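# Secondary and tertiary structure notes
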Amino acid sequence: MSGELQGQVVLVTGAGRGIGQAAAMRIAARGGAVGVVDIVDETASATAAEITQAGGRAIALAADVADRTAVLAAAERLAGAFGPLTGIVNDAMWIRYGPIEGVEEEVLDRMLAVGVKAAFWGVQALLQHGSQGPRAVVNIASPVADLGMANTASYTAVKGAIAALTRQLAVELGPQGIRVNAVTPGAVPTPGARSIVDEAGYARRRQQTPLGRLGEESEIAAAIAFLLGPDASFITGEILHVDGGITVKSM
Ligand SMILES: NC(=O)c1ccc[n+]([C@@H]2O[C@H](COP(=O)([O-])OP(=O)(O)OC[C@H]3O[C@@H](n4cnc5c(N)ncnc54)[C@H](O)[C@@H]3O)[C@@H](O)[C@H]2O)c1
């Protein structure tokens, strides 16, 4: 496959389904080689197989992104298969909503590990197994980093940290030629999102979204691929909202 991501080697976490899977497929369709990381071995393998069958380049890398050693090992395998990494998409997430009084320590620890610590490991993996040339990090934020939403304290803590880390790392890593950006998806009914948002919740989100509809995985994937690619060569520290306008709507 050829395209604007030709020559890129990108590790995509959470790529077994949902937005991460769409991103992996988009990157491959634009010529990039992809390391498909997911904690669920079968879905990582299925995504990699689908990419390969379509003529793209991918390997499945089952790993828990909260585990630093596993993330670094996945990056090493990807570099061994396709060459030094040029990018990382920190997409994987595990979410529990609920009122703050009921937040349990193990659940909060796990969300912080998968949502925040994993982004550190992803960036370290890019530094250890990356190319010497231009490189890019794409993190996935959320509207909860911009707006208050009841019963999402743990998730907001994760995504607020990711938004701040995106700006911070853009400053720290810019001199090394590494761009660091984030995408904020609006409401996208992925398998994961559907397990925590019911139909009434989606009706409210449609109504709150100026474009009047939910997003599609492919629309988020397009923004991720753009931020990885040469057309975004002077963009860093940016949090690109791909949300149908939900975060700019007033009362
Ligand atoms: N879908 C939305 O409406 C929406 C909105 C805003 C932000 N987001 C963000 O987009 C990203 C993707 O969300 P999604 O809706 O596609 O979710 P999803 O649950 O459908 O997919 C997430 C994937 O991550 C994997 N995963 C979970 N824990 C992991 C771990 N420890 N190690 C490796 N893989 C792991 C899961 O197995 C799954 O395949 C997340 O960061 C989420 O917070 C989603």
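So, a few notes on the structure that sits alongside this text. (Residues numbered from 1 in each chain as written. Predicted model: local features only at pLDDT ≥ 70, side-chain atom pairs only at ≥ 80, totals over all residues.)

In this section: the environment of Thr166. Here Thr166 is to be found in helix α5 (residues 153–173). For the pair formed by Thr166 and Glu238, sequence separation is 72 residues and the distance between their alpha carbons is 7.7 Å. Setting aside residues no more than four positions away along its own chain, Thr166 makes contact with Asn139, Val180, Asn181, Ala182, Gly237 and Ile239. (Helix = DSSP H or I, 4+ residues; strand = E, 2+ residues; numbered from the N terminus. Contact = placed C-beta atoms within 7 Å.)

Attention now moves to the site of the ligand. Neighbouring the ligand are 29 residues; Gly14, Gly18, Met93, Thr190 and Gly192 lie closest to it. Looking at the shell around the ligand, the elements that each hand over two or more residues are α1 (18–29), β2 (33–38) and α6 (191–194). Among the residues forming the shell around the ligand, the class breakdown is 16 nonpolar, nine polar and four charged. (Near = placed C-beta within 6 Å. Nonpolar A, V, L, I, M, F, W, Y, C, P; charged D, E, K, R; others polar.)

Let us now look at the environment of Gly160. Among the structural elements, Gly160 can be located in helix α5. Once the C-alpha coordinates of Gly160 and Gly16 are considered, the two residues, 144 residues apart in sequence, prove to be 24 Å apart.

Direction vectors running N to C along helix α3 (residues 68–82) and helix α4 (residues 105–129) enclose 35 degrees, while the axes themselves pass 9 Å from each other. The way α3 lies across α4 gives a crossing that is right-handed. For the pair α3 and α4, the contacting residues are Arg68, Val71, Leu72, Ala75, Glu76 and Ala79 in the first and Ala118, Trp121, Gly122, Gln124, Ala125, Gln128 and His129 in the second. (Axes fitted to C-alpha atoms, helices over the stretch in contact; angles between N-to-C directions. Left-handed = near helix turned anticlockwise from the far one by under 90°.)

Negative phi values dominate among residues other than glycine, just as trans dominates among peptide bonds. Positive phi is not limited to glycine here, since Asn151 has a value of about 70 degrees. One can find Asn151 in the loop between β5 (135–140) and α5. Overall, Asn151 belongs to the partly exposed group, with 15 C-beta atoms counted inside 10 Å. (Buried ≥ 20, exposed ≤ 12 C-beta atoms within 10 Å, placed from the backbone.)

The next point concerns the sheet that holds strand β1 (residues 9–13). The seven strands lie next to each other as β3-β2-β1-β4-β5-β6-β7, forming an open sheet whose pairing is parallel. Of all the strands in the sheet, the pair left with one neighbour each is β3 (57–62) and β7 (239–242). With direction set aside, neighbouring strand axes in the sheet form an average angle of 20 degrees. With respect to the sheet, helix α2 (residues 41–53) is in contact with β2 and β3, its orientation differing from that of β3 by roughly 175 degrees. Relative to the sheet, helix α8 (residues 217–228) contacts β1, β4 (87–90), β5, β6 (178–185) and β7, its axis offset from that of β6 by approximately 170 degrees. (Pairing = 2+ DSSP bridges.)

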